[in-house]
Amino acid sequence: MTILNGKETAAQIRQELKEEILQLKNQAGRAPGLAVILVGDDPASQVYVRNKEKACAEVGIVSRGFRLPADISQADLENKIRELNDDQEIDGILLQLPLPEGLDSQRCLELISPEKDVDGFHPVNVGKLTLGLDGFRSCTPAGIMTLLKRYDLSVQGKKAVVIGRSNIVGKPLALMLLQENATVTICHSRTKDLPAEVRQADFVFAAVGRAKFVTADMVKDGAVVVDVGINRTEQGLVGDCDFDNLKDKVSAITPVPGGVGPMTIAQLLVNTVQSFKNRGKG
Ligand code: NAD
């Protein structure tokens, strides 16, 4: 059984990026720049933003944080995004979600220039993913695909079951798996017999948001299990999969924490460097 160690893999990626950024910086005369917008004071968002900024600093990406008050108007937030779209030293714009009530996140996401949309949420980039064209990919599913590749796990011709159909994880992940020639099933809250679907899978991806939702009896012997879930419980941080009982049954599994989470942040850095290169600065 292989533990798919996202923490270690992400550290390798950051090391590779650090070396690449040093070279790019010499050529371009500046480092890649990421703008991070945090509106309000949601504690989980603050932690996510801090981790992203820390990762930027480690590899040599200049992160510029914008902490905006929860009562900011939609117009002022949109103006900030427009300003960053025009800022030549900013390659990526990240708008930390969820936004406080009263703000229209979809409108804001659509305002971010697709060329700087390093989160891959803009409809142009989602459309490109659907068409199989180059573009920014949502960080969590793209990080998962990288993790599988680094462990030489190919989904080609395999049955993949994705549990969850959110726009940031489940749906884009299903499209990326399809692009890699998996036979993909998407399960969600209205799926009739979820265990029966999951039992067919060579690869199981859980993005539900329910602690230990995927149990050992739902997974076939030797399957690969990728756990996207982050659930804060009295036992601490747990995933969507019952890791302790699954580990003796599967051929590979991601831990929580230390699996998909660090890969998500690594992918954000990869996307930011890609944007820097696309924009002719690298
Ligand atoms: P979401 O709430 O937007 O979507 C959850 C999905 O689960 C929905 O599509 C829903 O249909 C499905 N679902 C709910 N109950 C179900 C049931 N009983 N049976 C089958 N499907 C069911 O969540 P999300 O944003 O996709 O996130 C999912 C989880 O992944 C959360 O725990 C979140 O914290 C975590 N997450 C982790 C990372 C990371 O970097 N590791 C990134 C994003 C999200």
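Values in this document were obtained by computation on a predicted structure and should not be read as measured data.

## Focus on the domain arrangement of the protein
Part 1 of the reasoning: Entries for the protein in the domain assignment read domain 1 (29-113) and domain 2 (139-260).
Part 2 of the reasoning: A separation of 29 Å is found between the C-alpha centroids of domain 1 and domain 2.

## Points about unusual backbone geometry
Part 1 of the reasoning: Residue L97 is joined to P98 through a cis peptide bond whose omega torsion reads 0 degrees.
Part 2 of the reasoning: Considering the arrangement of structural elements, one finds P98 in the loop between β4 (92-95) and α4 (105-111).
Part 3 of the reasoning: Between V256 and P257 the backbone carries a cis peptide bond, its omega angle lying at -5 degrees.
Part 4 of the reasoning: Within the secondary structure layout, P257 lies in the loop between β11 (252-253) and α10 (260-278).
Part 5 of the reasoning: Residues other than glycine seldom take positive phi values, yet D152 does so here, at roughly 60 degrees.

## A few points about the site of the ligand
Part 1 of the reasoning: Around the ligand, the surrounding shell holds 22 residues, and the nearest of these are R165, S166, V228, I230 and T264.
Part 2 of the reasoning: In the model, an oxygen atom of the ligand is placed 2.5 Å from a nitrogen or oxygen of the S166 side chain.
Part 3 of the reasoning: A distance of 2.8 Å separates an oxygen atom of the ligand from a polar atom in the side chain of T264.
Part 4 of the reasoning: For the ligand, whose accessible area on its own is 860 Å², the fraction buried by protein is 73%.
Part 5 of the reasoning: By residue number, the principal contributor to the shell around the ligand is α10, which donates three residues.
Part 6 of the reasoning: Looking at the shell around the ligand residue by residue, the classes come out as 10 nonpolar, 10 polar and two charged.

## Topic: the sheet that holds β11
Part 1 of the reasoning: If you trace the six strands from one edge of the open sheet to the other, you get β1-β11-β8-β7-β5-β6, paired in parallel fashion. Of all strands in the sheet, those with a lone pairing partner are β1 (2-3) and β6 (183-187), marking the two edges.
Part 2 of the reasoning: Here strand β5 (residues 159-163) runs beside β6; their pairing, made up of five bridges, is parallel. Residue pairing in the sheet places I163 in a bridge with C187 of β6.

Rules behind the numbers
Residues numbered from 1 in each chain as written. Predicted model: local features only at pLDDT ≥ 70, side-chain atom pairs only at ≥ 80, totals over all residues. Heavy atoms only, no water. Domains from an automatic or database assignment. Helix = DSSP H or I, 4+ residues; strand = E, 2+ residues; numbered from the N terminus. Near = heavy atom within 4 Å. Polar contact = N/O pair within 3.5 Å; in protein donor to acceptor, adjacent residues only side chain to side chain. Areas by Shrake-Rupley, 256 points an atom, 1.4 Å probe, with all protein chains shown as cover. Nonpolar A, V, L, I, M, F, W, Y, C, P; charged D, E, K, R; others polar. Pairing = 2+ DSSP bridges.

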